[in-house]
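Structure at a glance
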Amino acid sequence: MGLLDSILGRSRPVRPDLDRLFGLPAAALTLQAGTGFVPAGTGSVCFAAVEGGAFARLKEDVRDLLDVEAAAGPEASPVTYAPDAYGYTWLTVRRPAEDLITLVNDLHAVNALLEEAGFGPNLLCSLTAFRAPADDAGADGHRARDLALVYLYKRGTFYPFAPRADRAESRDNALELQVRGLLAGDLAMEPDMERWFPVWGAPGLGGAERLPGP
């Protein structure tokens, strides 16, 4: 950062480091040991879609790549695209819950393909879903059943998002803070909690969608 940037309080954007996604499998083991949450087998990439044939062709290339890989596993369904009311698109991949490594590889490949094609500015976040065991409702019976680890593309950091099933658009803040502490040694956790954007209704989670800003 230059002298003028320091004086004016400006900071340069963090260069995305997609390889940080590969820390998720180790983080998942830490998460399961500390909270009981296990991979749900769902991952997604959120991006702002743009008009044009090149982008449409790229979407099909990504779909073809991941569909071919998914065909090798009977429990893995093809990749899907789902637009929302805010102009964003969720690309969702489903794998067997125990195959988190392959799911993370898929998320990395999608991000890398979009980035290499010049659509990096359109990428917002990647989300990996986790789920509590059926017999684990938390000490008060109301702990969040779903949990997501969200990777902010433009920040190169992760944060936990835990929507509560018993209340509309309510988060389990205690669980989120617990997860942040547990995973501090495994992932680059986002220090600014104002950037822990809610992603209601993201693939693998419940509620109405609200997506993070650029």
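Keep in mind that what you see is a predicted model, and the values were worked out from it rather than measured.

1. Quick word on the pattern of salt bridges
If you walk through the whole model with that rule in mind, you get 6 salt bridges. Note that Asp106 and Arg95 form a salt bridge whose closest N and O atoms lie 2.7 Å from each other. Separated by 11 residues along the polypeptide, Asp106 in helix H4 (residues 100–119) and Arg95 in the loop between strand S3 (88–94) and H4 bring together distant segments of the chain. Judged by its relative accessible area of 2%, Asp106 is buried. Judged by relative accessible area, which is 8%, Arg95 ranks as buried. Among the salt bridges present, the one from Arg131 reaches Asp146, with a minimum N-O distance of 3.0 Å. A residue pair is termed long-range when its members are at least 10 positions apart, and Arg131 in strand S4 (residues 123–131) and Asp146 in strand S5 (residues 146–152) qualify at 15 residues. Assessed through its relative accessible area of 36%, Arg131 is described here as partly exposed.

2. A few points about the sheet that holds strand S2 (residues 80–83)
Taken together, the 6 strands give an open sheet; going across it, the order is S2-S3-S1-S4-S5-S6, and neighbouring strands pair in antiparallel fashion. Pairing within the sheet leaves two strands with one partner each, and these edge strands are S2 and strand S6 (157–161). For this sheet, the mean angle separating the axes of adjacent strands, direction not counted, is 25°. With 7 bridges connecting them, strand S1 (residues 38–48) and S3 associate as antiparallel partners. In the sheet register, Val45 faces S3, and the bridge partner there is Leu91. Helix-sheet contacts for helix H2 (residues 24–35) involve S1, S4, S5 and S6, and the interaxial angle to S4 is about 40°. Running over the sheet, helix H5 (residues 173–183) touches S5 and S6 and is turned about 145° from S6.

3. Some thoughts on the confidence of the model for the protein chain
Counting all residues, the mean pLDDT for the protein chain is 81, and 76% of those residues have values of 70 or more. Taken element by element, the protein chain is modelled with least confidence in helix H1 (residues 3–8), mean pLDDT 42, and with most confidence in S6, mean pLDDT 97. Confidence over residues 1–11 falls short of pLDDT 50; this stretch has 8 contacts with residues more than four positions distant or in other chains.

4. As for the environment of Glu98
If you trace the backbone, Glu98 turns up in the loop between S3 and H4. Judged by relative accessible area, which is 65%, Glu98 ranks as exposed. Considered as a pair, Glu98 and Ala40 are 58 residues apart in the sequence and their alpha carbons are 8.4 Å apart.

5. Some words on the packing of H2 against H5
H5 packs onto H2 with a crossing angle of 130° between their chain directions and a minimal axis gap of 10 Å. Taken together, H2 and H5 sit at an angle that is classed as oblique. The handedness of the crossing between H2 and H5 comes out as right-handed. Side by side, H2 and H5 meet where Ala27, Thr30, Leu31, Gly34 and Thr35 of the first sit next to Leu175, Gln178, Val179, Leu182 and Leu183 of the second. Split into classes, the residues belonging to the contact of H2 with H5 amount to 6 nonpolar, 4 polar and no charged.

Each value, and the rule that gives it
Residues numbered from 1 in each chain as written. Predicted model: local features only at pLDDT ≥ 70, side-chain atom pairs only at ≥ 80, totals over all residues. Heavy atoms only, no water. Salt bridge = Lys/Arg side-chain N within 4 Å of Asp/Glu carboxyl O. Helix = DSSP H or I, 4+ residues; strand = E, 2+ residues; numbered from the N terminus. Buried < 20%, exposed > 50% of the residue type's maximum accessible area, 1.4 Å probe, protein only. Pairing = 2+ DSSP bridges. Axes fitted to C-alpha atoms, helices over the stretch in contact; angles between N-to-C directions. Contact = heavy atoms within 4.5 Å. pLDDT = per-residue confidence, 0-100. Parallel < 35°, antiparallel > 145°, perpendicular 65-115°, else oblique. Left-handed = near helix turned anticlockwise from the far one by under 90°. Nonpolar A, V, L, I, M, F, W, Y, C, P; charged D, E, K, R; others polar.

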